[in-house]
Amino acid sequence: MSHMNPRSIRLTLLVVLLLLLSPFAQAAEPFFVNPAQVNLAAMLAPPPAVGSPVQQAEIKRLLALQSSRTPEEAAFALADAERSVLRFADVLGPNFTEEKCPKTIALFTAARKNTDAIVNPAKALFHRPRPYVASGEIHPCLPKPNNDSYPSGHSTFASQTAVLLTNMVPEKQAEIFARAELYRDNRMIGGVHYPSDIEAGRISGTVAAALLLQDAAFKTELEEAKKETRGALGM
């Protein structure tokens, strides 16, 4: 650098600056809702304390679900481990596919990622271990997640998705919310979440959906997705 003239130095610095500003150097993903402006942890009660009567009652409930779990229920829970709006195709019908509803799938994927960025700090703050950590009697039939338990990210996803889908297909509101309930329950049947994790996820997903529905850019894309999906469903 000592042998470079001032003009060469300025050109080098300009190249470095352009590289830093290029799309390929942007690590942060754009979101509809700024996660930094949402303190989800302040909206949730802390999870039941370790060893508390509430936690022990939750473990007892999970053990009861485990003892009655059928192979079919285990397979259903495993299929629902995928966080995709396509898991609601059994309600919306066979035409609700990625091929026929690409804008819808892309929007719901973006919404999930946005909400993950809101939920993950709360998960880390509460730092609740999974049920199978607290009790060696709990044997999950699902892959063990590598993050904290409270609130449930899958429950959050199901709740948010139900609210957003209902805005698109209000005729199926009851069926959509019933499917979300099954999706949430599968996290307990699978042995990877406490009931209170699920309830906190229900709250988190509802809050996240409400925030998204207040964002002008999201509402514009949701309207396009609505037209696409209703067209595919023949509505």
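Scoring rules and cut-offs
- Residues numbered from 1 in each chain as written.
- Predicted model: local features only at pLDDT ≥ 70, side-chain atom pairs only at ≥ 80, totals over all residues.
- Heavy atoms only, no water.
- Axes fitted to C-alpha atoms, helices over the stretch in contact; angles between N-to-C directions.
- Helix = DSSP H or I, 4+ residues; strand = E, 2+ residues; numbered from the N terminus.
- Parallel < 35°, antiparallel > 145°, perpendicular 65-115°, else oblique.
- Left-handed = near helix turned anticlockwise from the far one by under 90°.
- Contact = heavy atoms within 4.5 Å.
- Nonpolar A, V, L, I, M, F, W, Y, C, P; charged D, E, K, R; others polar.
- Salt bridge = Lys/Arg side-chain N within 4 Å of Asp/Glu carboxyl O.
- Phe/Tyr/Trp six-rings, centres within 6.5 Å; stacked < 30°, edge-to-face > 60°.
- Buried < 20%, exposed > 50% of the residue type's maximum accessible area, 1.4 Å probe, protein only.
- Lys NZ or Arg CZ within 6 Å of the ring centre and 35° of its normal.
- Core = buried A, V, L, I, M, F, W, Y, C linked by side-chain atoms within 4.5 Å.

A few words on the packing of helix α5 (residues 102-126) against helix α9 (residues 195-212). Taken N-terminus to C-terminus, the directions of α5 and α9 make an angle of 120°; their axes are 11 Å apart at the nearest point. With respect to each other, α5 and α9 are oriented oblique. For the crossing formed where α5 meets α9, the hand is right-handed. Residues Ala111, Asn114, Thr115 and Val119 of α5 form the contact with α9, whose own contacting residues are Ser204, Ala208 and Leu212. Taken together, the residues of the contact of α5 with α9 sort by class into four nonpolar, three polar and no charged.

When their charged atoms lie close together, side chains carrying opposite charge are able to pair. For the coordinates displayed, the defined rule picks out 11 salt bridges. Of the charged contacts, one joins Arg83 and Asp116 as a salt bridge, the two residues approaching to 2.8 Å between their closest N and O atoms. In this pair, Arg83 sits in the loop between α3 (71-79) and α4 (89-92) while Asp116 sits in helix α5, placing the two residues 33 residues apart along the sequence. Across the pair Glu181 and Arg184 runs a salt bridge, and its minimum N-O distance is 2.6 Å. Here Glu181 and its partner Arg184 are both found in helix α8 (residues 173-189), three residues apart, which amounts to about one turn of the helix. Within this structure, Asp80, Arg87, Asp90 and Arg179 form a network of salt bridges that share partners.

Moving on, we come to the packing of aromatic side chains. Under the criterion given, the structure shown has three aromatic pairs. Centroid distance Phe126 to Tyr150: 5.1 Å. Interplanar angle 90°. Geometry classified as edge-to-face. Placement of Phe126 in helix α5 and of Tyr150 in the loop between α6 (131-134) and α7 (153-168) is noted, with a sequence separation of 24 residues between them. Neither residue differs from the other here; Phe126 and Tyr150 are each classed as buried. Its end group placed over the ring of Tyr194, Arg128 keeps NZ or CZ at 3.8 Å from the ring centre.

This brings us to the environment of Pro35. Relative to the assigned elements, Pro35 resides in the loop between α1 (6-21) and α2 (53-68). Exposure remark for Pro35: the relative accessible area of 18% places this residue in the buried category. Residues Pro35 and Asn114 lie 79 residues apart in sequence; the distance between their C-alpha atoms is 7.4 Å.

Quick look at the nonpolar core now. Counting 40 residues, the largest nonpolar core has Leu92, Leu165 and Phe218 as the members making the most contacts within it. Looking at this core, the elements with two or more residues in it are α4, α5, α7, α8, α9 and α10 (216-233). When residues in this core are grouped by element, the largest group, eight residues, is from α5.

Before going further, it helps to spend a moment on unusual backbone geometry. Geometrically, the link from Tyr150 to Pro151 is a cis peptide bond, its omega value of -5° lying close to zero. Take Pro151: it is sitting in the loop between α6 and α7.

On their own, these measurements won't tell you what the molecule is for.
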